[in-house]
Amino acid sequence: MNRIRNIYFRGSLRSCNYQCSYCSFGKKIGETDKERDQQAHSLFYDNIAQWIDPLRIMLIPYGEGLIHTYYQEAMIRLSLLSHVEGISCQTNLSFQPSSFIKRIQAHHATIAKIKLWASFHPEMTSIDTFIEKVHQLYYAGIELCVGVVGSRRNKDTIAVLRQKLDKRIYLFINALQGGSDLLHTDDISFFTSIDPFFLSDYKNAKADISRCSGGRDTIFVNHKGNVHPCPRNPVKIGDITDRESFVKPVCPRERCDCYIGYSNLPDTRLSRMMGKGILFRIPEKRKIEAIFFDIDGTLTDSTGRISGSCKEAVELLSETVPLYLATALPLLPAKRRLGNLFHLFTGGVFADGAHIHYQDNDVYIPLKPIPDIQKKGCEVREYIAGQHIIYKYVLKMPSAEQTRTVMKTLENQDYNLHHQGVFLAITAKKAGKKSGLETICRKEHINLKNVVAIGNTAQDSSMLSAVGYPCAVLDAEDTLKQMAGYILNPDHLPLFFKS
Ligand code: SF4
Ligand code: SF4
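## Thoughts on the domain arrangement of the chain
Thinking step 1. Structurally, the chain comprises domain 1 (6-277) and domain 2 (287-365 + 430-498).
Thinking step 2. Averaged C-alpha coordinates put domain 1 and domain 2 at centres separated by 35 Å.
Thinking step 3. Facing 9 residues of domain 1, the contacting portion of domain 2 comprises 14 residues.
Thinking step 4. For the side of domain 1 that touches domain 2, the secondary structure elements donating two or more residues are helix H6 (185-194) and helix H9 (269-274).
Thinking step 5. Broken down by element, the residue count for the side of domain 1 that touches domain 2 peaks at 3 residues, all from H9.
Thinking step 6. When grouped by side-chain class, the residues that make up the side of domain 1 that touches domain 2 number 3 nonpolar, 2 polar and 4 charged.

In structure tokens:
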């Protein structure tokens, strides 16, 4: 028998109290509709109650269920089953959060097992009303994701929604497929900057039942108890009342064209980043002990500016987890670059790893002086600690060609060389962001497995290879993205990590 871990369930409800212009379920609530749905939930509950193995359940009604008392009760009852690890429900959040929270408490249910997938409908409610409800639920202990349709005309609304939403709550953007509102490159960049998974939704995925977990780990159950690999797959594989009889799934579809479909494909970056929260569309928050940030192109954008949302994320993260810098910049320029954010960092690795600063300690990796001949015809900047220790040179050569020539003569010697155009940075071979990060973690008793390092160029790759959570920013160099476990910007970190 298959080891089912995740179940999508849809009862027979086909009605909603909202009336969104593009939806056929609006304003159609009838008593028979509710009664039939109640029966479907009872049948589903009776079957799930006999289950033994751990399960996660996602309720996906056609329309809005949680405005009905019986629906809230059905969700809470399922959460009370000891083998149900978590249960979520798609909702427009039009119900009263306080009544729902009281009902959960009255049943002595574990609030952390209850989650929500809340969609914002700008035609039907205001941002402030919606956000107030989201936060009321979240601060009461109910994890949720918030979603909105990614149309071009919604961009301003989405920006405000993200800005007002707690930075720890994931805002997903559903790509509008087809239609006349075609997205341009800057729209896609904008949506991706809000939702790092936007491209997965925009491109979705080719259906591939040989890889799909639908019908194996994950099933969809409808109001009759019929079991399908996913809600989009019309081919029945069995009945919920007889789990032994499930047949091998097949799939006639060409594409997994929505999150509930493509999230069934294993070993994708989405599945790795979402972790155990994939069914609920809520990123699993990994426990961490420290974060190391590159500065240029990571904390700052291409103009050298740190965005408001990045600042807020750094401030939020600094409240619970030690933050460090890992930068090519020496300490003083790094301090100037970060302005009033600098004091939020506990220490760091500066000057390409030639200067390590933590608590009140400063460790410099001395550099063998370079022969005078190499300095001829160029501007030389020496970084010196105390009176004597040179730990970094930056040469500005008359041309990029000459930079390459000098590099060649210094290759295979005791130096690390980094060049960019006419600039050549030289540090000792032993210096590096990776070794600096490892030194700090060793001294501070931080487990490298619980460390996040985030950067943007191939130069950051060795540092990323040392930690449990290597991250590349959205517009990082491709080589770094390929080896990073997470592709996200610093302002997305609170969605994925906690102390
Ligand atoms: S809230 Fe959802 S189900 Fe209700 S009318 Fe709008 S789109 Fe349809
Ligand atoms: S459409 Fe559904 S069943 Fe088919 S491959 Fe995609 S997720 Fe699997």
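Once the structure has been displayed, the description carries forward.
## Some details on the site of ligand 2
Thinking step 1. By nearness alone, 14 residues border ligand 2, and Cys 212, Gly 214, Cys 230, Cys 251 and Cys 256 come closest of all.
Thinking step 2. Partitioning the shell around ligand 2 into residue classes produces 7 nonpolar, 4 polar and 3 charged.

## Quick word on the sheet that holds strand E3 (residues 55-59)
Thinking step 1. Overall, mixed pairing links the 9 strands, which are arranged E8-E7-E6-E5-E3-E1-E10-E11-E12 in an open sheet. Each having just a single partner strand, strand E8 (171-175) and strand E12 (238-239) make up the two edges of the open sheet.
Thinking step 2. Across 5 bridges, strand E7 (residues 143-150) lies against E8 in parallel orientation. Across the sheet, Val 148 pairs through a bridge with Ile 173, a residue of E8.

## Side note on the site of ligand 1
Thinking step 1. Every residue near ligand 1 is listed here: Cys 16, Tyr 18, Gln 19, Cys 20, Cys 23, Phe 25, Gly 26, Gly 63, Glu 64, Asn 92 and His 121.
Thinking step 2. Broken down by class, the residue content of the shell around ligand 1 amounts to 5 nonpolar, 5 polar and 1 charged.

## Describing the pairing of strand E24 (residues 451-455)
Thinking step 1. Counting buried residues along E24, 5 of its 5 residues qualify, which places the element largely inside the surrounding structure.
Thinking step 2. Of the two faces of E24, the one holding Val 451, Ala 453 and Gly 455 and the one holding Val 452 and Ile 454 are both buried throughout.
Thinking step 3. As defined by bridge partners, strand E15 (residues 290-293) adjoins E24 across 4 bridges and the pair is classed as parallel. Paired with Phe 293 across the bridge in E24 is Ile 454.
Thinking step 4. Bridge count for E24 against strand E25 (residues 469-472) is 4 bridges, and the pairing is parallel. Across the sheet, Gly 455 pairs through a bridge with Ala 472, a residue of E25.

## Details of the nonpolar core
One recurring pattern in soluble globular proteins is that nonpolar side chains are buried together.
Thinking step 1. Leu 144, Phe 292, Val 452 and Ala 453 are the most contacted members of the largest nonpolar core, which has 127 residues in total.
Thinking step 2. When residues of this core are sorted by domain, at least three fall in each of domain 1 (6-277) and domain 2 (287-365 + 430-498).
Thinking step 3. Those residues within four positions of Val 452 in sequence are excluded, and the remaining contacts are Ile 288, Ile 291, Val 467, Tyr 469, Cys 471, Leu 493 and Phe 497.
Thinking step 4. Listed in part, the 6 residues of the second largest apolar core include Ala 207, Cys 212, Cys 251 and Tyr 262.

Calculation criteria
Residues numbered from 1 in each chain as written. Chains lettered and ligands numbered in written order. Predicted model: local features only at pLDDT ≥ 70, side-chain atom pairs only at ≥ 80, totals over all residues. Domains from an automatic or database assignment. Contact = placed C-beta atoms within 7 Å. Helix = DSSP H or I, 4+ residues; strand = E, 2+ residues; numbered from the N terminus. Nonpolar A, V, L, I, M, F, W, Y, C, P; charged D, E, K, R; others polar. Near = placed C-beta within 6 Å. Pairing = 2+ DSSP bridges. Buried ≥ 20, exposed ≤ 12 C-beta atoms within 10 Å, placed from the backbone. Core = buried A, V, L, I, M, F, W, Y, C linked by C-beta atoms within 7 Å.

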